[in-house]
Structure formats: structure tokens, C-alpha cells
Amino acid sequence: MSSINRDLLAPLQSATPAYFLLLIVLGAIVALGAGAWYYQVDTGIGQTNLHPPIFWGVYIASFIFWVGASHSGTFISGVLRLSKAEWRRPVTRIAELMTFISLMIATLFVFFHLGRVWRWYYLMPYPNQRELWPNFRSPLMWDAIAVFTYATASTIYLYLPLIPDFALLRERIGGWRKPLYRVLSLGWTGTQNQWQVLETALRIITPLIVMVMVSVHSIVGWDFGVSLVPAWHSTIFAPYFVVGAVHSGVGLVAIGLYVLRKIYRLERYIESEHFDKIGKLLVVTTLVLAYLYFAELLTIWYAKSPDHMWVVDALLIGPFAVPFWFMAICIYFIPLATLTNPAFRRWPLGVMLVGVFINIGMYIERVLILVPPLTYPRLPFNWGSYFPSWVEMTIIVGSLALAVLLYALAVKFVPVISIWEEKEGLVHGTRHGT
Amino acid sequence: MADTNKTKSHKWEMVIDLDRCTGCEACVVACHAENNIRISGEDEASEGRAINWIRIERYWEGEYPNVQTRFMPVLCQHCDDAPCEPVCPVYASYHTPEGLNAQVYNRCIGVRYCGNNCPYTARQFNWFDPHWDPPLEEQLNPDVTVRQNGIMEKCTFCVQRIRAGKEQAEKEGRPVRDGDIIPACVQTCPTSALVFGDRHDPESRVSQLARQDRAFHLLESQGTHPAITYLKRIA
Amino acid sequence: MGPVTEHEITVRALFEPSGYPESLVEKLRQAGVPEGAMEIRSPLPLHETGLVRPAPLPLHRIAIIAGLVGLVLGVVVAGGTAILYPIMTGGKPIVAPPVVGIISFETMMLMAIVTTFVTMLIRLRSERRDAVERDPRIDDGLIEVVLSLPSNSVQLQLVQTLLKQAGALEIRHHHATSSIPPGVELDRRTTAGMLVVAWLLCGVPACSRDMQDQSSYQSQEAPRIHSPKGSVPRDSRLLRKSLTTQEELDEGARLFRINCSHCHGRDGTGNGPVVAYLKEQPADLRDPYVQGLSEAALYDTVTYGLAVEGRDVMPAFQGELSAEERHSVVTYVKSLSQP
């Protein structure tokens, strides 16, 4: 157990010059993004390339993408904890941190998107002198409430298994972090009472957060599904969004696992078996997603309702065909061609690269969900086209850098692998002889 | 003390006779002048951002060489079951008791869902702060809010004229008469293709015209129940 | 475990996890050590028998109750407030059942999760916090048994023997002190600091005043706006010829006394009895500027009130006086110019 302590605390105790260089580079990109946002707020939302009839663009696509990415933690960690899968142990913390950080980034995109962002608090239901009240009939209010619930719940869910680790850090790490760890560890000493309370709380919250996870992306799907826009108005959107979110989320976890394993030499903890398991999960999500996609396109194609056909034609053979087929290769063909091979699944770099393709593909997929249907409104007088402006792209790159930056800072503050759960796994292993 | 002469409720509607429309765009100009609509300029217009509360759409009838150009003024349809209204999270878009599809500018925070959900693309967004080249800023209508950067706007059926008409009627102690209230586009239409009035009054011109068998609604299958009735003779 | 008094002594024994006998706790119980005085600290949860029986905590029940409270809360927020704020939006009922369902699902989950968490926090905080620092070797895998016993008791000897028999690696005594360990003060300061930062973050939303002066929140209310700079005034609203009959003047004077004189004064010079308490001086109605205004402008001011830089300085009388009455007040105000 002391070797677990030593190995897993090492990332918190030292920092190489390369790490600081990374922080500076990321910080610079974030500053660029922040500057672009300031420019957009100062001059007007017109700095985007949005125009009627395309009122939603890459900001909303990024919002969906990041909310989807946040499903990594809840799905991997929650579902695996529920099913008591032993291999979850080194994966959960990495995934939960991703959830937490992705949700913060997703929330930022709501603010990037708002026309009058300085009035964002109009969305909050509290009695006020303006005599205004939010409209709960709007799917955007459901969204706001669901994302708030999800953010609160996933913060709690990240924090709970961290308490025993914070107690360890309180004793092993000095300096400016010590008082923070003192407060955050809540006077944890590891008594029977405390362990029992913690485990009960985790047992209660885990199934709840899985349900919240499903509801959050369903509601994001309903933002589109309940509208009148052709090719959005579809019942398949809620389950389709949930599966898509898990698809990109699991892919992201593969990337995170690989990078942390490489940098901090955690090969003893994150083994090729973990990549094998994640590869299998990705095959399942690929197949389900492809099935849902096929079901949606088939129904539209067969019914031949012109409003919807314009969109589908544009995707399959029209102006959006190149990104569409590129996306299909990234999220369907590549995972199926590679991850169905058992030998490939045990190759960490390969699984990580598939994760990268999946996430690039899923980002394009989010944009393709949004833009083509808006491009072809029912009155054909107003068809348009859209490509993001440099302000939009700078903000997107800046927020990606912010996500990486937050993650880089987080690994210096919390152990990337849950230390006590890893110890528990060790004990289980020796007890049960596996 | 107030409301001494409480009259029965109104339901404002419009009839557009496509057989009369010549596509002269006088209504577009009148609307710009009346409603302080920003001047977009060539650059913004080429980006598709020119704001028009009413626009003339063009379509063709017949096969070459017997092609005829037809015009259709499209504005906010003030739908009874407006898809843009319930999606607004802050009630900036809502339905008034008189059947107007109202937009409260200072509530709007610019989420733009309403714009997506309008099948007629009638909603326009202020991508920047408005700007008028001199001397155009001297002709702003004091009765109409100048809209700021970041909010949605659209045809109001000239709600300031509706209010003025009702106030006048109140001052004179009489109910609002048919023809008292005329939006700018209706007032300026040289061929009287546009007619505005109270649909609750069965004798009003708008009610009589809307009962004709030439009547149809735009995208009727969407179930939005527009307050604008188009008239077109089927050849 | 209760607070440590000066007459208590803390006995701490360390065990190898493999060497920890599960019968120890039972033996200690038989030796008369009360349940609350025993504590076992471990680096990971122990599920074996022969451990201290923790006090029961009905966390499941609390979570269910909190979930139900959240459900009701959601129904009240999404359904109830909609009834209080009945604004029509196209084709949807004021209280839409599916919407209430979605919102109350989220609030139910929120309440259940947060309450579980908060209950857990309270429970953790209620543990004895001034206990001696935890042995760092616990994190390397050892199990520590901590006992609080009355000092100079016979029990102490017995307990020590039992612990030795059980194979304790090390047994230490510790006289309880009542002084607060140095960390606690630091704790409080850090917590206070975090709260202050959180509070400051709440104040971040900026206060811009765009379009502030046009708060029209009732349907079809007139905008309470002053004309944009450079706009052209329009007199068209004034259709009525002003027929200044004595009767109307008297009626105007009567209404002026009731509604206006407390600010503008009986003679209209703006010296009413409440002026001393006002931030803005009411206008002198005999001032040439006021008298120079058109009747329509005065009528609008009486109707909609007056706002200066976004602050209401004169109330609207639209709801108080009918159009006729407002007119007679305007006629009276106009008549004030004749001395």
C-alpha cells in the first residue's frame, strides 16, 4: 500500500519545466479566447457568422459536445460502480474530473451564445423588482435546470470519493495546499462510522446521478426534438443524444487514460486490459449510434416529405456531404474496423487514436445536427449557408485549451487515481486470489 | 375611475391580397420609417443580416416562355399557436390578449430559439448596435423603441398605432372603429393589397375579406393558425 | 464518541491488517468498554464482522423524503408559479403537465442528491474533531484501534493485555487535553476565506443600464420612454379642442388638489408639504417651460408619469384618473399661467 501512496502521490509532488511550459502555452491560448469573447461582447454577437435563418451555430454545437463529453465520468464511473466492475478503479477519478471540467466548459458556451450576456440572470427564477419570471415551458429552461442539477450532482459525485484521499493528502503534502486539504477532508480519520456513511452516500447517489445523466442529454435532445424545424422534429433525438454523448465521452476517457498513463508512468495501474474494456464499450456505443442514425435517416428518406428531404439530400449528396461522410468514417467505420479486433484493443495508443477520431467526428456530428436543418427552413426563400468566423473559432480553441489547462491544474491538486479505491482493489485481489 | 368605456376585446388580423400585390416594396420602406428599423448597408445585407420586418418574396408561375413573376409580402404571421412563443425562456415573446405576437425587447437576452422555431423566418436579430447615417437619425419615430445589440425583433403590427388609436377612441369616448388603426405598411400600399382590422368585428373589412374562398394561410399544415390571411385566385 | 474530558486517557494500538483479529472488539466489549468509546481507523472500508457497530443513519430514508420534497417543490415552481404568472404563449396551456413532470424530475433528483450529501457532511462533522492526529501509518495499510477510557481505572490494565494478546504492533497512551489543536483555527480561516471569495463571485454580474428606461412589463403598456435624441415630435394625438369651460376648470382644480397638490403645491409652484422629503424638486407648473409644453405633452406626463435617468420621479395617473379627468387636470394646469 505504501507503493500505491508513493506512485499516486508523485504527480502532485513534483512539476517539470515542461509542465510549466504547457501551462504558459495553454494560458496564452485561453487569453486569446477570452480576448475574442470580450471583443464579441463589446461589439456584438454579429462577430459570429450567424445570420437568419441560422441563429444557432458552433457555440450551441460546442455546448452539446461538452455536455456529451461530461457523460464520460458519469457513465464510466457511475455505471461501473453500480455493476461493481473491478476494472473501474483506476478509471473513475480520471473520468469524474472530465465530467466536472467538461460541464464547466459547456456552461461557458451558454454565455458565449447569449445575445445580451450581461442579462443572463433573467434566466434565474428568483423574486425580483423587474417582476419577471422565467418561462418553464421553454426547453431552454429545462436545460438550465437539468444542467444545474447535473453540475451540482457531478461535483458532489467527484468530491465524495475524494474525501479519504484529501485526508491522506492533508498528512502527506505541505505548503499552501495543506490548509485547503484540511478543510476539504472534513476531519476525516477513517473510522468505521465515516466509512459507512461515505459508502452509503455513494450507493444512494450513484444510481441517481446515472438517471440525471440520461435526463440531461435527453433534454438537450428535446431542445431540438420539440421544435418545428424540419429534421429536428423527431422522436429519436433524446435517446440518440444520450448514446452519442456516451460515445464521445468514452472516447475522451480513452484519451485521458492514455495521456496520464504516459506522463505519470502509471502503467502498473492503467493496464492494457483497461483499454480492452473501453474498446469493447466503444464498439457497443458505435453500433447503437449507427442503428439510431440509420433509423432516423431511413424514416425520412422513405417518407419523402420535401421539408425533411432537402436536409437529408444536403447531408448525403449535397453541400454537407464531405463533412457528413468524414464524420461517418470517424465515428462509425474507424471504431468498427479497429476495435472489433481483440489485439488492437490491447494497444493503448491505438485505442487512444480511435478516441481522438471519435471526438473529432462527434464534434462534426453536433455541427451537422444543428446547421443543415437550420439552413433549409420550410419557406425556401431564405435558405442560407454558414461557416464559423475567426471569433467563433478562437473562442472554441480557447475553451478547449481552458479544459486542458483546468485538467493540468487538477492533476496537481487531486490524485488522478482514487487511492483508497485502488487499495481496496488490492485487498480484494489478494483476498479473492485474482 | 379608469376604463369608463370598456369595450369588447379585439383580435387584430391582416389580409394580404396576392392578386393585387405588385411587388413595389412601398410597404417595406414605410415599415422601415415607422419602426426605426436599422439601416443595414450593403455589407450586412450580403451576409443575409439586413433587417426587414416585412419582405417581398418572389416566385414564378407557369412554364417558359409563359412565366409570370408573383410577389408575396411575408411578415410576422402573428400566429395564434405561435411556435416562437413557448420556447422563449424569459417570456420576451408572448401572446397578448388581443392576439398580437409580442416581443418585449428589454426582456430579451438573445438566445435566438424563437428565430429558429419560426417557420416563416420572420424574426430578425440585432447583430450589432443600430446605426443611422446622418441625417436619417433625425427621423426616428419617438413612439418606437430603438433596439439594442443582441436582441430579437419583428413586426409588431405597428402596436404604437394600435395604442394611439385606442387612446384616441378613449379620449373621444367611443369604441374603436374599423379603419381607425392602420399599420404603416397598410397605409402605404398603393394597390390596397394589405388590409388590417379587428377580426372580432364580423363587419370589419378584414373579416369580410378573410371569409372569401380565395383565402389561405402560409404553411397552414404546420398548425400555427396565423393571423394573416392571404388571398389568391387559383388560375 | 463523546468529547474527551480531562479524566480520560486515549489508548491507541496499531495492527497489521492481516494480523488484526476480528474477535478483538467482542473481547473489548466483554471487558466493559462501551461501544461509543471504541473507534477503528482504517485506510479503506472494512466489511468484516467483529467491528464497531456504527450508529444507525437512515440515509436512504432521508434521500427518499428529500426526493419527494423536491418533487413537490418542482410542481410548485413549474406549475404553481405559472399560475401566478399567467402569460399566454402560443398554443401551450399555462400549466403544461409534461413540463411540470420534467422540471419536478430534475428538482427531485437535485434535492435527493444534495440532501444526501449534506446529511453525510453533517454526520462527518459531528465526529470527534479534536481527537489526536491520525497516525500516518494508517495510510500505509495499518489498522488503528482507538479507545477512550477513564484514566486510573482497572479496565486500563485489562484492555492493554487484550490488545497485546491480539497482536498489536504498538500501543500508545495519550492523555487527553482540552486545548484546541492548531489546525482548527486555520480551518476556520480557510473556510471563511473560501466563503468570501464565493460571495464576491456572486457579485460579478455587471450592471449595465441598456434600455432601462422603457420598462414595459404589462401587456401593451406604453413605453415609459423619453423621445430619442433628434426625434420629431408628433401632435396628432391631440384631437380634442380645448374648450375651457368653468365647470371643467373647477373639476380640474378639485382633482389637482387631491392628486397633485401634495407635491406641486396648491398654487402649482412646487412647494407642497412633502417636498422636503423628496430627492427631486417637483416642477414649478407656472414656469414658462412647463407652460410652453403642448397639452398633449402634459397629458402624456399625467398619464404615464415622468422618469429622469431611469428613476421614476412622478407616478403615472393612468390607473387613477380616467381620460376625461386627466384632461381636466391638464386644462387646470394650463390655466395656472394666467395670474
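These numbers come from a predicted model, not from an experiment.

Participant: Explain the overall build of chain B here, please?
Facilitator: In terms of helices and strands, chain B carries six helices and 10 strands. Residue burial in chain B is summarised as follows: out of 235 residues, 59% are buried. Taking the intrachain contacts of chain B between residues at least 6 apart in sequence as the baseline, contacts between residues at least 24 apart amount to 63%. A total of about 9,500 Å² of accessible surface is found on chain B, and carbon and sulfur atoms cover 52% of it.

Participant: Can you walk me through the overall build of chain C in this structure?
Facilitator: Secondary structure assignment for chain C yields 10 helices and six strands. Within chain C, buried positions represent 42% of all 339 residues. For chain C, the proportion of contacts with a sequence separation of at least 24, taken over those separated by at least 6, is 68%. Put simply, chain C shows about 18,700 Å² of open surface, and 61% of that area lies on carbon and sulfur atoms.

Participant: What exactly am I supposed to notice about the interface of chain A and chain C here?
Facilitator: Interfaces are often sized by the amount of accessible area the parts lose when they come together. The interface of chain A with chain C comprises 65 residues on the first partner and 68 residues on the second. A combined buried area of about 5,900 Å² lies between chain A and chain C, and 66% of that area is made up of carbon and sulfur atoms. Among the residues of chain A in contact with chain C, A:R137, A:R182 and A:Q192 are the three that bury the most area, contributing 13% of the side total. At the boundary of chain A with chain C, the tally comes to zero salt bridges. In this assembly, chain A and chain C are joined by eight residue pairs in polar contact (both at pLDDT 80 or more). Those elements giving two or more residues to the side of chain A that touches chain C turn out to be α1 (2-13), α6 (139-159), α7 (163-172), α8 (177-184), α9 (192-225) and α17 (419-432) of chain A.

Participant: Please explain the confidence of the model for chain B as it appears in this structure.
Facilitator: Regions with low pLDDT should not have their predicted coordinates read in detail. Residues and elements named next belong to chain B. Here chain B averages 88 in pLDDT, while 96% of its residues score no lower than 70. Looking across chain B, the model is least confident in helix α2 (residues 41-46), with a mean pLDDT of 85, and most confident in strand β10 (residues 228-231), with 95. For residues 1-6, every residue scores under 50 in pLDDT, and the model assigns this stretch 13 contacts once sequence neighbours within four places are set aside.

Participant: Whenever I open this one, the pattern of salt bridges confuses me. Can you help?
Facilitator: Note on pairing: side chains with opposite charge can pair once their charged atoms come close. As enumerated under the stated definition, the model contains 34 salt bridges over all chains in all. A:R346 is the partner of A:D276 in a salt bridge, and the nearest nitrogen-oxygen pair spans 3.6 Å. Placement of the pair is A:D276 in helix α11 (residues 272-303) and A:R346 in the loop between α14 (342-345) and α15 (348-375), with a sequence separation of 70 residues. Owing to a relative accessible area of 8%, A:D276 belongs among the buried residues under this scheme. Of the charged contacts in the structure, one is a salt bridge between B:R49 and B:E47, with a shortest N-O distance of 3.3 Å. Exposure remark for B:E47: the relative accessible area of 40% places this residue in the partly exposed category. Taken together, the shared-partner salt bridges in this structure form one network comprising B:D17, B:D19, B:R20, B:E61, B:R70, B:R214 and B:K232.

Participant: Before we go on, may I ask you to explain the packing of helix α2 (residues 59-84) of chain C against helix α3 (residues 97-125) of chain C in this structure?
Facilitator: Helix-helix packing is characterised by the crossing angle of the two axes and by the distance between the axes. All names here are of chain C. Two elements in contact, α2 and α3, have axes whose closest approach is 6 Å; the angle formed by their N-to-C orientations is 145 degrees. As for the relative orientation of α2 and α3, their crossing is right-handed in sense. Counting all contacts with α2, which are made through L59, I62, A63, A66, G67, V69, G70, L71, G74, V75, A78 and G79, the residues of α3 involved are V100, I103, S104, T107, M108, M111, A112, T115, T116 and T119. Looking at the contact of α2 with α3 residue by residue, the classes come out as 13 nonpolar, nine polar and no charged.

Participant: I would appreciate a short explanation of helix α5 (residues 92-113) of chain A in the present structure.
Facilitator: Compared with the 32 Å implied by 1.5 Å per residue over 22 residues, the 32 Å span of α5(A) between its first and last C-alpha is a close match. Of all 22 residues that make up α5(A), 16 are buried, and the element is covered over most of its length.

Participant: Sorry, what's going on with the nonpolar core here?
Facilitator: Here is a general trend for soluble globular proteins: nonpolar side chains tend to be buried in one another's company. Membership of the largest hydrophobic core comes to 229 residues, with the highest contact counts inside it found for A:W56, A:L160 and B:F157. No other element matches α9(A), which puts 15 residues into this core. Those residues in contact with A:L160 that lie beyond four places of it in its chain are A:L198, A:A201, A:L202, A:I205, C:F117 and C:M120. The next biggest cluster of nonpolar side chains, apart from the first, holds 24 residues, and it includes C:I143, C:L156, C:L162 and C:L163.

Participant: What am I meant to see in the sheet that holds strand β1 (residues 12-17) of chain B here?
Facilitator: Hydrogen bonds between backbone groups are what pair the strands of a sheet, and the pairing can be parallel or antiparallel. Judged by pairing direction, the sheet is mixed, and its four strands sit side by side in the order β8-β1-β10-β9 (chain B) without closing on themselves. Only two strands of the sheet have a single partner each, and these edge strands are β8 (194-198) and β9 (215-216) of chain B.

Participant: How should I be thinking about the packing of helix α3 (residues 58-69) of chain A against helix α16 (residues 390-410) of chain A in this particular structure?
Facilitator: All names here are of chain A. Remark: α3 packs on α16, axes separated minimally by 10 Å, with the N-to-C direction vectors making an angle of 20 degrees. Comparing their axes, α16 and α3 come out roughly parallel. For the pair α3 and α16, the crossing hand works out as right-handed. Here V58, Y59, S62 and W66 of α3 come into contact with α16, specifically with V391, E392, I395, I396, L400 and A403. Looking at the contact of α3 with α16 residue by residue, the classes come out as eight nonpolar, one polar and one charged.

Participant: Even after reading the chapter, I still don't get the side chain of B:Q222, so can you show me in this structure?
Facilitator: Its location among the elements puts B:Q222 in the loop between β9 and β10. The class for B:Q222 is buried, based on a relative accessible area of 18%. Polar side-chain contacts of B:Q222 include one of 3.4 Å to the side chain of A:R378.

Participant: Help me out: how do you make sense of the environment of A:L208 in this one?
Facilitator: With respect to the helices and strands, A:L208 occurs in helix α9. Residues A:L208 and A:A153, spaced 55 residues apart in sequence, show a C-alpha to C-alpha distance of 8.9 Å. If we ignore the near neighbours within four places in the chain, the residues touching A:L208 are C:M109, C:A112 and C:I113.

Participant: Got a minute to help me understand α8(A) in this structure?
Facilitator: The α-helix advances 3.6 residues per turn, and as a result positions three or four apart in sequence lie on the same side. When you tally the buried positions in α8(A), you get six out of eight residues, the bulk of the element. Among the residues of α8(A), those classed as buried are A:R177, A:P179, A:Y181, A:R182, A:V183 and A:L184.

Participant: What's the story with the packing of aromatic side chains in this structure? I'm lost.
Facilitator: How two aromatic rings sit relative to each other is given by the distance of their centres and the angle of their planes. Residue and element names in this part refer to chain A. Scanning all chains against the criterion turns up 42 aromatic pairs over all chains. Measuring from centroid to centroid gives 6.0 Å for Y293 and Y332, while their planes differ by 85 degrees, and the two rings are edge-to-face. Taken together, the positions of Y293 in helix α11 and Y332 in helix α13 (residues 321-339) put the pair 39 residues apart, joining distant regions of the chain. A relative accessible area of 8% places Y293 in the buried class.

Participant: Even after reading the chapter, I still don't get the environment of A:A34, so can you show me in this structure?
Facilitator: Along the chain, A:A34 falls in helix α2 (residues 17-43). Spatially, the C-alpha atoms of A:A34 and A:G398 are 7.2 Å apart, while their sequence positions differ by 364 residues.

Participant: Before we go on, may I ask you to explain the pairing of strand β3 (residues 143-150) of chain C in this structure?
Facilitator: Along a regular strand, successive side chains alternate from one face of the sheet to the other. All names here are of chain C. In terms of residue burial, β3 counts as a mostly covered element, since seven of its eight residues are buried. Inspection of the sheet shows strand β1 (residues 8-15) paired to β3 by eight bridges, in the antiparallel sense. The residue of β3 that forms the bridge with R12 is V146. Sheet analysis places strand β2 (residues 38-41) next to β3, joined by four bridges and oriented antiparallel. Each bridged residue has a counterpart across the sheet, and for I40 the counterpart in β3 is V145.

Calculation rules
Residues numbered from 1 in each chain as written. Chains lettered and ligands numbered in written order. Predicted model: local features only at pLDDT ≥ 70, side-chain atom pairs only at ≥ 80, totals over all residues. Heavy atoms only, no water. Helix = DSSP H or I, 4+ residues; strand = E, 2+ residues; numbered from the N terminus. Buried < 20%, exposed > 50% of the residue type's maximum accessible area, 1.4 Å probe, protein only. Contact = heavy atoms within 4.5 Å. Areas by Shrake-Rupley, 256 points an atom, 1.4 Å probe, with all protein chains shown as cover. Buried area = accessible area lost by both parts, 1.4 Å probe. Salt bridge = Lys/Arg side-chain N within 4 Å of Asp/Glu carboxyl O. Polar contact = N/O pair within 3.5 Å; in protein donor to acceptor, adjacent residues only side chain to side chain. pLDDT = per-residue confidence, 0-100. Axes fitted to C-alpha atoms, helices over the stretch in contact; angles between N-to-C directions. Left-handed = near helix turned anticlockwise from the far one by under 90°. Nonpolar A, V, L, I, M, F, W, Y, C, P; charged D, E, K, R; others polar. Expected span 1.5 Å × (residues − 1). Core = buried A, V, L, I, M, F, W, Y, C linked by side-chain atoms within 4.5 Å. Pairing = 2+ DSSP bridges. Parallel < 35°, antiparallel > 145°, perpendicular 65-115°, else oblique. Phe/Tyr/Trp six-rings, centres within 6.5 Å; stacked < 30°, edge-to-face > 60°.

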